[in-house]
Amino acid sequence: MNFNDAQYRKWLSELKLRVRSAQAKAAIAVNSVLIGFYWELGKMITEKENIWGSKLIDQVAKDLKKEFPEMKGLSRSNLFYCKQFYFFYKNELLQQFVGHSDSGTDSFQRGTDTSNEIVQQPVGQIIQLVSKIPWGHNILIFSKSKGIDEASFYIQQTISNNWSRDVLALQIKTDLFKRSGKAVSNFSKTLPEPQSELAQQTLKDPYIFDFMNLAFGAREKEIEGQLIEHITKFLLELGKGFAFVSRQYRLAIADNEYYIDLLFYHTRLKCYVVIELKNTKFIPEYAGKLNFYLSAVDSLVKQQDDNPTIGILLCREKNNIEVEFALRDLGKPMGVSEFTIAENLPEHFKSSLPTIEEIEGELNNI
């Protein structure tokens, strides 16, 4: 038999896909067992600390290391994480139960098991959800989140976007949970459901471009240039689904030329996205100009099977009430968000700062 023919290569390709699929399922299964084990470990430690005191983890870590020297995950620090893992989700679910049940407080005071029975099912759902991401990701989420809503958000985003641990850490650091879906927009009036809701969740406020470094008063063209230079990080901050099309996209209208700052296509919304940058405070005229660009793209660029083009206006500062008035009667879907960048100190300010030598001299005098 000729193992170089097309039929064999096709079969081999299918076989490789099966192997990869099996590997992925095995990894998920192993991770699920591991997360379940850490949950039970955290539960057992929490319960027994009430009997044997706060030194329990130190002793258990030493004893387990002697018995299982090759096994990872039984260190003192990880046992603390297991306890925190269990306490975070169980405590949050119990608090939610008390807050939403008329008789919940009384049942706790009487020492009945009613609360445990009711919370048991949500706990099982939480374990199923957290088992879909690695333990290192879980540590970041439950140790940094302020509540179960925030934790659930980062878990879902990690699963949906296949974030690495470093990317997850960056999103938590920049407080994506509070920024997601917070832009002022007119989507509810200009887009049908469920596209309007999906478009709203796509936007953030503010956008944080801390991968750039510019002087105060940088021109929009300079900001554009650095965004494109750091396009991978820019796309990460924009979020899933954005595909870059062009910078300074040319539109020829009535013998005049107009240039869009940045043009993208969103693969989930199935539409073009126009992004305009204004390194100043928002003024209503900006919305009118963006509305003009959206009409032009819908007429000149959009295909028949594309959804209506969406606009995002990024400015350095805005008043939400002013933005709402500006967008209220405009017919094209758009949102307005602030953006921040890491800025260099201006030269006149730099010159007023002490040098390293001057600081050292002052310290020596002291």
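Everything that follows concerns the structure shown earlier in this document.
Remember, predicted model here, so these are calculated numbers, not experimental data.

Enquirer: So, the packing of aromatic side chains: which residues are in play, and what are the values?
Expert: Following the criterion strictly, the structure yields 23 aromatic pairs and no others. Aromatic side chains Phe282 and Tyr286 sit 6.5 Å apart centroid to centroid with 75° between the ring planes, which places their arrangement in the edge-to-face category. One exposure class covers both Phe282 and Tyr286, and it is buried. An aromatic cluster of three or more residues is present, and its members are Phe37, Tyr38, Trp39, Tyr81, Phe85, Tyr86, Phe88, Tyr89, Trp135 and Phe142. Taking NZ or CZ as reference, Arg316 lies 5.0 Å from the ring centre of Phe339, over its face. One Lys or Arg, Arg328, reaches over the ring of Phe325 and ends 4.6 Å from the middle of that ring.

Enquirer: Outline the nonpolar core, listing residues and values.
Expert: By size, the foremost hydrophobic cluster in this structure holds 34 residues, and its most contacted members are Phe85, Tyr89, Trp135, Ile141 and Tyr154. Of all elements in the fold, only helix H1 (6–52), helix H2 (56–67), helix H3 (76–100), helix H5 (114–130), helix H6 (135–144), helix H7 (148–161) and helix H8 (165–173) reach the threshold of two or more residues within this core. Per element, the largest residue contribution to this core is 6 residues, and it comes from H3. Those residues in contact with Tyr89 that sit more than four places away from it in its chain are Trp39, Ile126, Val130, Ile141, Phe142, Ile148, Ala151 and Ile155. Counting residues in hydrophobic clusters, the runner-up holds 28 residues, among them Phe209, Leu227, Cys271 and Val273.

Enquirer: Hey, could you go over unusual backbone geometry for me, with residue numbers and the actual values?
Expert: Most peptide bonds take the trans configuration, and most residues that are not glycine carry a negative phi. Following Glu193, the chain continues to Pro194 via a peptide bond in cis, the omega torsion being 0°. Tracing the chain through its elements places Pro194 in the loop between helix H10 (187–190) and helix H11 (195–202). Here the bond from Asp205 into Pro206 is cis, since omega is 0°, no more than 30 degrees from zero. Mapped onto the elements of the fold, Pro206 is located in the loop between H11 and strand E2 (207–215).

Enquirer: Can you lay out the packing of H6 against H7 for me, pointing to particular residues and giving the numbers?
Expert: Where H6 meets H7, the axes come as close as 9 Å, and the angle between the chain directions of the two elements is 155°. One finds that H6 runs roughly antiparallel with respect to H7. Crossing angle aside, the handedness with which H6 passes H7 is right-handed. For the pair H6 and H7, contact is made by His137, Ile141 and Lys144 and by Glu150, Ala151, Tyr154, Ile155 and Thr158, respectively. Partitioned by chemical class, the residues of the contact of H6 with H7 number 4 nonpolar, 2 polar and 2 charged.

Enquirer: Quick rundown of the environment of Ile223? Include the residues and the values.
Expert: With respect to the secondary-structure elements, Ile223 resides in helix H12 (residues 220–229). Given a relative accessible area of 0%, Ile223 falls into the buried group. Expressed as a C-alpha distance, the spacing of Ile223 and Ile341, which sit 118 residues apart in the sequence, is 9.2 Å. Apart from residues no more than four positions distant in its own chain, Ile223 is found in contact with Met212, Leu214, Ala218, Leu277, Asn279 and Phe339.

Enquirer: Give a description of the pattern of salt bridges that names residues and reports values.
Expert: By the definition in use, this model includes 8 salt bridges. Across the pair Lys204 and Glu237 runs a salt bridge, and its minimum N-O distance is 3.9 Å. Pair noted here: Lys204 is in the loop between H11 and E2 and Glu237 is in helix H13 (residues 231–238), with a separation of 33 residues, a long-range link. Of the charged contacts in the structure, one is a salt bridge between Glu224 and Arg247, with a shortest N-O distance of 3.1 Å.

Enquirer: Pulling in residues and values, what's your account of the side chain of Asp261?
Expert: Here Asp261 is to be found in strand E4 (residues 256–266). In this structure Asp261 is buried but unpaired, with Lys278 as the nearest side chain of opposite charge at 5.5 Å. Separated by 2.9 Å, the side chain of Asp261 and the backbone nitrogen of Leu277 make a polar contact. Those residues in contact with Asp261 that sit more than four places away from it in its chain are Glu224, Ser246, Arg247, Gln248, Ile275, Glu276 and Leu277.

Enquirer: Describe the packing of H6 against H8, naming the residues involved and giving the relevant values.
Expert: For the pair H6 and H8, the least separation of the axes is 9 Å and the interaxial angle reads 10°. It follows from the interaxial angle that H6 and H8 lie roughly parallel. Within the contact between the two elements, H6 uses Gly136, His137, Leu140, Ile141 and Lys144 and H8 uses Arg165, Leu168, Ala169 and Ile172. Class assignment of the residues belonging to the contact of H6 with H8 gives a composition of 5 nonpolar, 2 polar and 2 charged.

What counts, and where the lines are drawn
Every chain is numbered on its own, with residues counted from 1 as its sequence reads. pLDDT decides what is reported in this predicted model: residues at 70 or higher carry local features, side-chain atom pairs at 80 or more are listed and counted, and totals for whole chains, interfaces and linings draw on all residues regardless. Hydrogens and water are ignored here; the side-chain numbers use all heavy atoms of the structure. Note on aromatic contacts: the rings of Phe and Tyr and the six-membered ring of Trp form a pair at centre separations within 6.5 Å, being stacked when their planes are under 30 degrees apart, edge-to-face when over 60 apart, and tilted otherwise. Burial status follows relative accessibility: with a 1.4 Å probe on protein chains alone, a residue under 20% of its type maximum counts as buried, one over 50% as exposed, and anything between as partly exposed. We call a charge positioned above a ring when the Lys NZ or Arg CZ atom is no farther than 6 Å from the ring centre and deviates by at most 35 degrees from the ring normal. Residues grouped as a nonpolar core are buried Ala, Val, Leu, Ile, Met, Phe, Trp, Tyr and Cys residues, joined through side-chain atoms within 4.5 Å. Here a helix means four or more residues in a row that DSSP labels H or I, a strand means two or more in a row labelled E, and each is numbered from the N terminus. We call two residues in contact when some of their heavy atoms are within 4.5 Å. Axis definition: a line fit to C-alpha positions, over the contact stretch in the case of helices; interaxial angles, taken between N-to-C directions, run 0 to 180 degrees. An angle below 35 degrees is read as roughly parallel, one above 145 as roughly antiparallel, one from 65 to 115 as roughly perpendicular, and any other as oblique. Handedness of a helix crossing follows the sense of rotation of the near helix relative to the far helix, less than a right angle counterclockwise being left-handed and clockwise being right-handed. Three classes are used: nonpolar for Ala, Val, Leu, Ile, Met, Phe, Trp, Tyr, Cys and Pro, charged for Asp, Glu, Lys and Arg, and polar for all others, with Gly counted as polar. Within this document, salt bridges are pairs made up of a side-chain nitrogen of Lys or Arg and a carboxyl oxygen of Asp or Glu, the two lying within 4 Å of each other. When charges are tallied, Lys and Arg are placed among the positive residues and Asp and Glu among the negative ones, while His and the ends of the chain are skipped. In protein, a polar contact means a hydrogen-donor-capable atom and an acceptor-capable atom, both N or O and within 3.5 Å, with residues adjacent in sequence counting only if both atoms are side-chain atoms; elsewhere, any N or O pair within 3.5 Å suffices.

That's the geometry; what it means functionally is another story.
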